[in-house]
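Here is what each chain is made of, one letter per residue.
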Amino acid sequence: MRWENLTAEPAAEPCHDRPADPALFGADAVTVRTFDTPEFAGITFHEIRARTILNRVPGASRMPFEWTVNPYRGCTHACVYCFARKTHGYLDLDTGIGFDTQIVVKVNAPELLRRQLASPRWHGEHVAMGTNVDCYQRAEGRYRLMPGILTALRDRANPFSILTKGTLILRDLDLLKQSAEVTDVGVSVSVGFTDTELWRTVEPGTPAPQRRLDVVRTLTEHGIGCGVLMAPVIPFLGDQPAQLRATVRAIAASGATSVTPLVLHLRPGAREWFMAWLGAHHPHLVRRYERLYADGAYAPKWYQRRITRQVHDLAEEYGIGPTRAEMPRRIRRPETTPEPAEAGPTQLTLL
């Protein structure tokens, strides 16, 4: 395994033109571990002590953020379309089943982040999480890295955002609320479709779409406005008008503040794995995909515009707010007034 050559991962889109950075850790810093429990059957964890945790997004990236924190590499969500599969190749790990079962855990992420945030060279820029692999994937239930990460960000009043498919984020609800009282916090949940048959085959390790929408509902009820990234919209499998309508209707019912559609894109690494899956499960669609994605990783503009327009129209019909990426927001502390000396019982509020 090519640990010595590992450099800071490209958080959103690879950039191969920049010079290699120093290795983030050496082979002697790796502990390989397995757990004899059903939820981790067949999964190997590579525990490492990283040398840096704040990653700068390549300048050519399309992402609207500049810094990321990724405490894990690889993801047990096992989404067949995941664009981050390519990053496992940087470790000489398999980008298919290896991405789903060989998980790199940066066990020192919280302490390292706290130290980097305190550096005079850090100027409090926005930090995005969940942009490479999900920081609330199944492994987080055992390693519990996110509470320390959120605490470090809260204590420095550093703005941040989280994108997740994981319901485990609700474990950290109190930390999210505390953070939102002192800085800008953005949360988005990824739900590309509500079709349960499609979910079971393309996102086998994730919570069901309705459970993710329950997360949206709970966060919103506790004052953490939550948007939905409707991603991916999968051509010919999840893009029919009735499917789009059912998904947007369910998103609206969850109380989401926004919905942002994103059509499936197939970068190298993900493309090969997805097309192999497509050939096994829907062979009649292989030629249609080859034509649709003939020009590269992204579907044609006309197709993307059509899906976006349909979702926008449905969002307006169901009364969802502006259809855009969820922006960070802050919980405002209510103004307090002196209580009368003989005040009677009052009901406590959550915020």
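Whatever comes next refers back to the structure up there.
Residues numbered from 1 in each chain as written. Predicted model: local features only at pLDDT ≥ 70, side-chain atom pairs only at ≥ 80, totals over all residues. Heavy atoms only, no water.

**As for the overall build of the protein**
Logical step 1: Secondary structure summary: the protein contains 12 helices and 11 strands in total.
Logical step 2: Within the protein, the proportion of its 351 residues that are buried is 52%.
Logical step 3: When contacts within the protein are restricted to residue pairs at least 6 apart in sequence, those whose partners lie at least 24 apart make up 77%. (Helix = DSSP H or I, 4+ residues; strand = E, 2+ residues; numbered from the N terminus. Buried < 20%, exposed > 50% of the residue type's maximum accessible area, 1.4 Å probe, protein only. Contact = heavy atoms within 4.5 Å.)

**Some remarks on unusual backbone geometry**
Logical step 1: In this chain, Ala231 is followed by Pro232 through a cis amide linkage whose omega measures -10°.
Logical step 2: Relative to the helices and strands, Pro232 is located in strand S10 (residues 226–233).
Logical step 3: Unusually for a residue other than glycine, Phe236 sits at a positive phi of about 70°.
Logical step 4: Along the chain, Phe236 turns up in the loop between S10 and helix H9 (241–253).
Logical step 5: Residue class for Phe236 comes out partly exposed when judged on its relative accessible area of 22%.

**Some words on helix H12 (residues 301–317)**
Logical step 1: The end-to-end C-alpha distance of H12 is 24 Å, a good match for the 24 Å that 17 residues give at a rise of 1.5 Å each.
Logical step 2: Buried within H12 are the following residues: Tyr303, Ile307, Val311, Leu314 and Ala315. The buried residues of H12 occupy one face: seen down the axis, they fall within an arc of 105°. Exposed and facing more than 90 degrees away from the buried side of H12 are Lys301, Arg305 and Glu316.
Logical step 3: Where the residues of H12 are buried, they touch S10, H9 and strand S11 (259–263).
Logical step 4: One or two positions beyond H12, positive phi appears at Gly319, with a value near 80°. (Expected span 1.5 Å × (residues − 1). Arc of directions from axis to C-beta.)

**Observations concerning the sheet that holds strand S9 (residues 185–190)**
Logical step 1: A sheet is described by the order of its strands in space; here 7 strands give the open sequence S3-S4-S7-S8-S9-S10-S11, paired in mixed fashion. With one partner strand each, in any of the chains shown, strand S3 (54–56) and S11 form the two edges of the open sheet. The average undirected angle you get between the axes of adjacent strands in this sheet is 25°.
Logical step 2: Here strand S4 (residues 67–69) pairs with strand S7 (residues 127–129) via 3 bridges, running parallel. Along S7, the bridge assignment pairs Trp67 with Val127.
Logical step 3: Taken strand by strand, H9 contacts S10 and S11, and its axis lies near 165° from that of S10. (Pairing = 2+ DSSP bridges. Axes fitted to C-alpha atoms, helices over the stretch in contact; angles between N-to-C directions.)

**Remarks on the packing of helix H3 (residues 109–117) against helix H5 (residues 146–155)**
Logical step 1: Relative to each other, H3 and H5 sit at 15°, their axes nearing to 8 Å. Our classification of the angle between H3 and H5 gives roughly parallel. The element H3 and its partner H5 pack so that their crossing is right-handed. Contact residues: H3 offers Ala109, Pro110, Leu113, Arg114 and Leu117, while H5 offers Gly148, Ile149, Thr151, Ala152, Leu153 and Asp155.
Logical step 2: Here the residues of the contact of H3 with H5 are counted per class, giving 7 nonpolar, 2 polar and 2 charged. (Parallel < 35°, antiparallel > 145°, perpendicular 65-115°, else oblique. Left-handed = near helix turned anticlockwise from the far one by under 90°. Nonpolar A, V, L, I, M, F, W, Y, C, P; charged D, E, K, R; others polar.)

**Side note on H3**
Logical step 1: Those residues of H3 that sit buried are Ala109, Pro110, Leu112, Leu113, Gln116 and Leu117. Projection of H3 onto a plane perpendicular to its axis shows the buried side chains occupying an angular sector of 165°, all on one side.
Logical step 2: Considering only its buried residues, H3 is in contact with S3, S4, strand S6 (102–106) and H5.

**Structural notes on the packing of H9 against H12**
Logical step 1: The contact between H9 and H12 brings their axes to 10 Å, and the two run at 45°. When the axis of H9 is compared with that of H12, the two are oblique. Considering only the axes of H9 and H12, their crossing is right-handed. Of the residues in H12, those touching H9 at Pro241, Leu244, Arg245 and Val248 are Ile307, Gln310, Val311, Leu314, Ala315 and Glu317.
Logical step 2: For the contact of H9 with H12, the residue count by class is 7 nonpolar, 1 polar and 2 charged.

**A short note on the sheet that holds S6**
The strands making up a sheet associate through hydrogen bonds between their backbones, and the pairing can be parallel or antiparallel.
Logical step 1: Spatially, the 4 strands line up as an open sheet ordered S1-S2-S6-S5, and their pairing is mixed. Edge positions in the sheet fall to strand S1 (31–33) and strand S5 (72–73), since each has one partner strand and no second.
Logical step 2: As paired strands, S5 and S6 are joined by 2 bridges and run antiparallel to one another. Along S6, the bridge assignment pairs Tyr72 with Val105.

The values are spatial; any link to function lies outside them.
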